[in-house]
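# Observations on the three-dimensional arrangement
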Amino acid sequence: QVQLVESGGGLVQAGDSLRLSCAASLRTFSMYGMGWFRQAPGKEREFVAAITWTGRNTDYVDSVKGRFTISRDNAKNTVYLQMNSLKPEDTAVYYCAADEKGSSSNYYGDYRYWGQGTQVTVSS
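Residues numbered from 1 in each chain as written. Predicted model: local features only at pLDDT ≥ 70, side-chain atom pairs only at ≥ 80, totals over all residues. Heavy atoms only, no water.

Along its length, the chain carries zero helices and 11 strands. Mapped from its N terminus to its C terminus, the chain presents α and β elements in the order β-β-β-β-β-β-β-β-β-β-β. For the C-alpha atoms alone, the extent of the chain along its principal axes is close to 40 × 30 × 25 Å. Contacts spanning at least 24 positions in sequence make up 58% of the contacts within the chain whose residues lie at least 6 apart. With the model as given, the accessible surface of the chain reaches about 6500 Å², and the carbon-plus-sulfur share is 44%. If you average the places of the 13 positive and of the 12 negative side-chain charges in the chain, the two averages end up 5 Å apart. (Helix = DSSP H or I, 4+ residues; strand = E, 2+ residues; numbered from the N terminus. Contact = heavy atoms within 4.5 Å. Areas by Shrake-Rupley, 256 points an atom, 1.4 Å probe, with all protein chains shown as cover. Lys, Arg positive; Asp, Glu negative; His and termini not counted. Charge placed at Lys NZ, Arg CZ, Asp CG, Glu CD.)

The next point concerns the state of the cysteines. The final tally for this structure, using the stated rule, is one disulfide. For C22, the disulfide goes to C96, at an S-S distance of 1.9 Å. Taking the torsion about the sulfur-sulfur bond, which here is approximately 40 degrees, the covalent link between C22 and C96 counts as right-handed. Note that C22 is positioned in strand β3 (residues 18-24) and C96 in strand β9 (residues 92-99), a separation of 74 residues in sequence. Take C22 and C96: they sit in the same class, and that class is buried. (Disulfide = S-S within 2.5 Å. Buried < 20%, exposed > 50% of the residue type's maximum accessible area, 1.4 Å probe, protein only.)

The structure is reproduced here in structure tokens:
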């Protein structure tokens, strides 16, 4: 059974940093594109960042460019989201997802597997 398990969320102040991790129980993890999405209360799920299976290409929503960095370690079956200069509007549940086509899609429908999410709360 495929599992994606996020960790690293928490309560921080504006300007702080957090690093989210997503450990995947995918036998062929290195062939999957990986993405991070987030959902704030009362809002739709939003694309945050994605990385191709090779790790060579990444994509970000404009609101996090220059502050967030997605990366992956295929030897550890893990994808990371380094979040710097956090803002209150970054508050949300963050989900990682796996795309078996290996792309860095920003469309949630392209992702087959999803984690349960980790809460990130940024206070002002």
